[in-house]
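Working through the structure, step by step
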Amino acid sequence: MGPVNTGLVAEAGDVHWLRADIALAAAARRQAGQLARAVGLPDERVSRVELCVTEMATNLLKHAHDGSLALRVVRTRGRAGVECLSLDNGPGIDDVQRALRDGTSAYGSLGIGMGAIERLADVSGIHSLPGRGTVVCARFWTDGPPPEPEPVATGGLTRPITGEQLCGDTWAVRALDCPSPALLLLMCDGLGHGPLAARAADQARAAFRASRHINPEAVLRDVHEALRKSRGAAAAIALIDLADQRVHLSGVGNITALLAHGDRRNGLLSTPGIAGAHLPRARTHTMPFPPGTALIMHSDGLSDRWKPHDFPGLFTQDASLVAGQLLNQTAVRRDDAGIVVALHRPS
Ligand SMILES: [Mn+2]
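Cut-offs and rules
- Each residue is numbered by its place in its chain's sequence as written, counting from 1.
- Predicted model: local features are reported for residues with pLDDT of at least 70 only, side-chain atom pairs are reported and counted for 80 or more only, and whole-chain, interface and lining totals are derived from all residues.
- Side-chain figures throughout are based on the complete set of non-hydrogen atoms in the structure, without hydrogens or water.
- Secondary structure counts use DSSP, requiring at least four H or I residues in a row for a helix and at least two E residues in a row for a strand, with both numbered from the N terminus.
- Each radius of gyration reported is based on C-alpha atoms, and the globular scaling rule is 2.2 Å times the count of residues to the power 0.38.
- Contacts are assigned to residue pairs with any non-hydrogen atoms lying within 4.5 Å of each other.
- The Shrake-Rupley method, run with a 1.4 Å probe sphere, supplies the accessible areas, and residue values consider only the shown protein chains as cover.
- At least two DSSP bridges between two strands are required for those strands to pair.
- For helices, the fitted line uses only the C-alpha atoms of the stretch in contact; every axis is such a line through C-alpha atoms, and the angle between N-to-C directions lies from 0 to 180 degrees.
- Classification of ring pairs uses Phe, Tyr and Trp, with its six-membered ring standing for Trp, and accepts pairs whose centres are within 6.5 Å; under 30 degrees between planes counts as stacked, over 60 as edge-to-face, and the remaining range as tilted.
- Note on exposure labels: buried denotes an accessible area under 20% of the residue type's maximum, exposed denotes more than 50%, and partly exposed covers the range between, all computed with a 1.4 Å probe on protein chains only.
- Coordinating donors are taken as N, O and S atoms within 2.8 Å of the metal, stretched to 3.2 Å for Na, K and Ca; because water is absent from the atoms, sites can appear incomplete.
- Under this scheme an angle from 65 to 115 degrees is roughly perpendicular, one under 35 degrees roughly parallel, and one over 145 degrees roughly antiparallel; angles in between are oblique.
- Here a crossing is taken to be left-handed if its near helix is turned anticlockwise relative to the far helix by less than a right angle, and right-handed if that turn runs clockwise.
- As a working rule, the residues Ala, Val, Leu, Ile, Met, Phe, Trp, Tyr, Cys and Pro are called nonpolar, Asp, Glu, Lys and Arg charged, and the rest polar, with Gly in that last group.
- Take the residue count of a helix, subtract one, and multiply by 1.5 Å to get its expected span.
- Source of the domain bounds: an automatic or database domain assignment.
- As a working definition, buried area equals the accessible area (1.4 Å probe) given up by two parts on being put together, with both sides summed.
- We define a salt bridge as a contact between a side-chain nitrogen of Lys or Arg and a carboxyl oxygen of Asp or Glu at a distance within 4 Å.

With that settled, consider the overall build of the protein. When helices and strands are tallied, the protein shows 7 helices and 16 strands. The globule rule puts the C-alpha radius of gyration for 347 residues at 20 Å, and the 19 Å found for the protein is close to it. For the protein, restricting intrachain contacts to residue pairs at least 6 apart in sequence, the fraction spanning at least 24 positions comes to 69%. When the accessible area of the protein is evaluated, it comes to approximately 14700 Å², of which 51% is carbon and sulfur surface.

For the rest of this paragraph, the subject is the sheet that holds strand E4 (residues 79–87). Taking strand neighbours across the sheet as the criterion, the 5 strands line up as E2-E3-E4-E6-E5 in an open arrangement whose pairing is antiparallel. Looking at which strands have only one partner, the edges of the open sheet turn out to be strand E2 (16–19) and strand E5 (123–129). Across the sheet, the axes of successive neighbouring strands diverge by a mean angle of 15°, strand direction being ignored. Two elements, E2 and strand E3 (residues 68–76), share 4 bridges in a ladder whose sense is antiparallel. Within E3, the residue paired with Arg19 across the bridge is Ser68. Along the sheet, helix H1 (residues 24–38) makes contact with E2, E3 and E4, crossing E3 at roughly 5°.

By the definition in use, this model includes 2 aromatic pairs. Judged by centre distance (5.6 Å) and plane angle (90°), the ring pair of Trp306 and Phe311 falls under edge-to-face. Considered together, Trp306 and Phe311 belong to a single accessibility category, that of buried residues. When the centroid spacing of 6.3 Å and the interplanar angle of 15° are considered together, the rings of Trp306 and Phe315 count as stacked. Classification of Trp306 by relative accessible area gives buried; the value is 5%.

This brings us to the coordination of the manganese ion. Of the protein atoms, only Asp189 (OD), Asp300 (OD) and Asp335 (OD) coordinate the manganese ion, at distances of 2.3 to 2.4 Å. Mapping the donors of the manganese ion onto the primary sequence gives the spacing D-x110-D-x34-D. Of the two residues, Asp300 is situated in the loop between strand E15 (294–298) and helix H7 (319–330) and Asp335 in the loop between H7 and strand E16 (337–344); the sequence distance between them amounts to 35 residues.

At a minimum axis separation of 8 Å, H1 and helix H2 (residues 43–63) run at an interaxial angle of 155°. Judged by the inter-axis angle, H1 sits roughly antiparallel to H2. In the packing of H1 onto H2, the handedness of the crossing is right-handed. For the pair formed by H1 and H2, the contact residues are Leu24, Ala25, Ala28, Arg29, Ala32, Gly33, Ala36 and Arg37 on the first element and Val46, Val49, Glu50, Leu51, Val53, Thr54, Ala57, Leu60 and Leu61 on the second. Counted by class, the contact of H1 with H2 contains 12 nonpolar, 2 polar and 3 charged residues.

With 21 residues, H2 extends 30 Å from end C-alpha to end C-alpha; this agrees with the ideal 30 Å at 1.5 Å per step. Turning to H2, its buried residues number three or more, namely Arg45, Val46, Val49, Glu50, Cys52, Val53, Met56, Ala57, Asn59 and Leu60.

Structurally, the position occupied by His298 is in strand E15. Not counting residues within four places of it along the chain, the set of residues in contact with His298 comprises Met187, Ile255, Thr256, Ser303, Asp304, Trp306, Gly338 and Ile339.

Attention shifts here to the domain arrangement of the protein. Assigned domains of the protein: these are domain 1 (8–141) and domain 2 (150–344). Look at where the C-alpha atoms of domain 1 and domain 2 centre, and you get two points 25 Å apart. Tallying the contact residues gives 30 residues for domain 1 and 31 residues for domain 2. Roughly 2400 Å² of surface becomes buried between domain 1 and domain 2 when both sides are summed, with 53% attributable to carbon and sulfur atoms. Ranking the residues of domain 1 by area buried against domain 2 places Glu11, Trp17 and His127 at the top, with a combined share of 24%. Across the contact surface, domain 1 and domain 2 share 3 salt bridges. In this structure, Arg209 and Glu11 form a salt bridge, with 2.8 Å as the shortest nitrogen-oxygen distance.

This part covers the pattern of salt bridges. Oppositely charged side chains can pair when the atoms bearing their charge come close. Under the criterion given, the structure shown has 14 salt bridges. Arg19 serves as the salt-bridge partner of Asp66, at 3.1 Å between the closest nitrogen and oxygen. With Asp66 in the loop between H2 and E3 and Arg19 in strand E2, the pair connects residues that are 47 residues apart, well separated along the chain. Glu44 serves as the salt-bridge partner of Arg48, at 2.8 Å between the closest nitrogen and oxygen. In this pair, Arg48 and Glu44 both sit in helix H2, 4 residues apart, roughly one turn of the helix. Where salt bridges share partners, they join Glu11, Asp202, Arg205 and Arg209 into one cluster.

Structure representation (structure tokens):
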């Protein structure tokens, strides 16, 4: 019997990136409003989304160096919503709790903005590295706050190379029940960048969604076959077995996959090759995935020269926030950037 597909948990989709300039607040309000109406948020909740991004934009312009907003539609298990991320490269906030509490302190309007975002959104989070940068995340669902959090939370983010609209990096997460519950993750980097790389990425995601396999090697082979007429891609598939708390990974080409747990970081090796052109006999690597562990997969648009202790307090946060801060701090500007994370909640 094949796997019972219990649905798409999350996937990349189009991310609307807006750089912090004088027109940011108006542009963000317009874009966020469009996305919110497109997924069917009622008018009162559309206004909340618009207010939220206005606060984010105002904060970036007043306080941050080199900030941007990333807005996108999110869909999971039959639910839809809008996700708003604010990312900057400093100056950071020394005391996040105080900034949330006290809008009239030396933090100026930053505190007021943060508190407002927290009250407006169904789900929100903030992670700040003093001197290095802050990421704020807010999500609005069509039908209010989500039910109980999943034991393994997933999220991701993509950003095209400067000057391109489409991103050649993509990711997706599916839930399986086979018969024990599992998550299947895809991270894919279409070769080069621009529309042809994005097309390869779309084809990889479609093949990943359609695959009837559980074994990461077999799913990777399905992706490989689907990319034969494309320009090819680096791709990695991870299977998280929730019952035996292990992760199985199979990859080809330059995708970084690693597990972070406390101060430890363990890399999972990919095999050289190109999905769609040359798929060597892929090997599957298996590692324990106990509570408190983070699985991180990203393209070569992010540097892998970091350690978990460079990000104090990050890995217990919202999965999209984790992906956002890692991209914000480690992305290189001369390539598409893409990352997906799975966080096993501490027990
Ligand atoms: Mn790349």
